[in-house]
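Fold and geometry: a report
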Amino acid sequence: MMRKTLVDTVADLLLDRIIAGEIRPGSALPSEADIAAESSVSRLTVREALKALRAQNVVSVQRGRGTYVNAPEEWTSLDAMIRAAAFGKGRNNTSVQLLEVRRMIETGAAALAAVRHTEDDLKLLRGHLQRMVEASDARDVDRFVAADIAFHDVILRASGNMLVPAMYLPLGRLLSAGRRETSAVPEIQEHAILMHRAIYDALASGNAEDARVAMDNHMNQTHEDLVHYVIGDDAVATAGS
């Protein structure tokens, strides 16, 4: 793993302040001199950090006025957007947004995997499903989450499209955190096991539409469980008002 440079550290600190709302979109950043003093670094380091944030379109320079924060929807860095999403609440909660992304990708992946999977893929899925059951019985949330993620990884790869699993790489940390958030609830584990069995059966049948529907049903159940057991209906209703 590459070590973070001083420039990276300063850029991350500024990004954290922006994400936390300390420096809001449309507002100007402190001057280079002030940032340098606050961070105990040189102005050259600050200048390079700002250049990195400009490359991600997190900030932009307004000639003669200074450096201003752009709205998150204008950012071009997936990592920055993921970090910003982690501060969301209600409908903007990270887990809700992540589930929406998963639904868009995984229902299609399941349909492809239904017609492209191998016997080895099915064997792996059976193994991961069995480990989910064993982990649930043992109340081992970490093992349950690992088996759950591995089950879905097999489907992504069985889709036969190398771009599908690659799209998930930047989401790895959020995927793990999101799964653990929901899997800590025993009732959600029970629902997940039932849904994963249905997905397996649909994939094994070789019917693309059945697999797509089974995965979509799983996403619906996960959303309902997330709202009911974790976020709370009131939080979602408040976010939508």
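Procedures and definitions
- Residues numbered from 1 in each chain as written.
- Predicted model: local features only at pLDDT ≥ 70, side-chain atom pairs only at ≥ 80, totals over all residues.
- Heavy atoms only, no water.
- Salt bridge = Lys/Arg side-chain N within 4 Å of Asp/Glu carboxyl O.
- Helix = DSSP H or I, 4+ residues; strand = E, 2+ residues; numbered from the N terminus.
- Buried < 20%, exposed > 50% of the residue type's maximum accessible area, 1.4 Å probe, protein only.
- Pairing = 2+ DSSP bridges.
- Axes fitted to C-alpha atoms, helices over the stretch in contact; angles between N-to-C directions.
- Parallel < 35°, antiparallel > 145°, perpendicular 65-115°, else oblique.
- Left-handed = near helix turned anticlockwise from the far one by under 90°.
- Contact = heavy atoms within 4.5 Å.
- Nonpolar A, V, L, I, M, F, W, Y, C, P; charged D, E, K, R; others polar.
- UniProt positions renumbered as here; feature names shortened; annotations may be inferred.

An unreviewed UniProt entry lists the protein under the name FadR/GntR family transcriptional regulator, with Arthrobacter citreus given as the organism.

**Description of the pattern of salt bridges**
Charged atoms that come close allow side chains of opposite charge to pair. Counted according to the given criterion, the structure contains 11 salt bridges. The residue Arg 43 makes a salt bridge to Glu 32 at a minimum N-O spacing of 3.7 Å. Taken as a pair, Arg 43 in helix H3 (residues 43–55) and Glu 32 in helix H2 (residues 32–39) lie far apart in primary sequence, 11 residues in all. Between Arg 102 and Glu 106 there is a salt bridge; the shortest N-O distance is 2.8 Å. Of the two residues, Arg 102 and Glu 106 are both situated in helix H5 (residues 94–116); the distance of 4 residues between them amounts to about one turn of the helix. For Glu 106, a relative accessible area of 1% gives the class buried.

**Some remarks on the pairing of strand S2 (residues 66–69)**
When strand S1 (residues 59–62) meets S2, the two strands line up antiparallel, connected through 4 bridges. Considered in S2, the bridge of Ser 60 is made with Tyr 68. Hairpin connection of S1 to S2: 3 residues between the antiparallel strands, including Gly 64 at a positive phi of 85°.

**Regarding the packing of helix H6 (residues 119–137) against helix H10 (residues 186–205)**
Taken N-terminus to C-terminus, the directions of H6 and H10 make an angle of 165°; their axes are 10 Å apart at the nearest point. The orientation of H6 relative to H10 falls into the category roughly antiparallel. For the pair H6 and H10, the sense of crossing is left-handed. Mapping the contact onto sequence places Leu 122, Leu 125, Arg 126, Leu 129, Met 132, Val 133 and Ser 136 in H6 and Gln 189, Ala 192, Ile 193, His 196, Arg 197, Tyr 200, Leu 203 and Ala 204 in H10. Among the residues making up the contact of H6 with H10, the classes are represented as 10 nonpolar, 3 polar and 2 charged.

**What about the UniProt feature "domain: HTH gntR-type" (unreviewed entry) in the protein?**
Mapped onto the present numbering, the UniProt feature "domain: HTH gntR-type" (unreviewed entry) falls at residues 4–72. Annotated as residues 4–72, this span is 51% helix and 12% strand, and its ends, taken at the C-alpha atoms, are 23 Å apart.

**Notes on unusual backbone geometry**
Unusually for a residue other than glycine, Asn 57 sits at a positive phi of about 60°. Its location among the elements puts Asn 57 in the loop between H3 and S1. Its relative accessible area of 27% is what places Asn 57 among the partly exposed residues. Unusually for a residue other than glycine, Arg 139 sits at a positive phi of about 55°. Looking at the element boundaries, Arg 139 is found in the loop between H6 and helix H7 (141–158).

**Quick look at the environment of Thr 45**
Relative to the helices and strands, Thr 45 resides in helix H3. Note on Thr 45: relative accessible area 13%, which makes it buried. Between the alpha carbons of Thr 45 and Met 167 there is a distance of 32 Å; along the sequence they are 122 residues apart. Ignoring sequence-local partners within four residues, the contact set of Thr 45 consists of Leu 6, Val 7 and Val 10.

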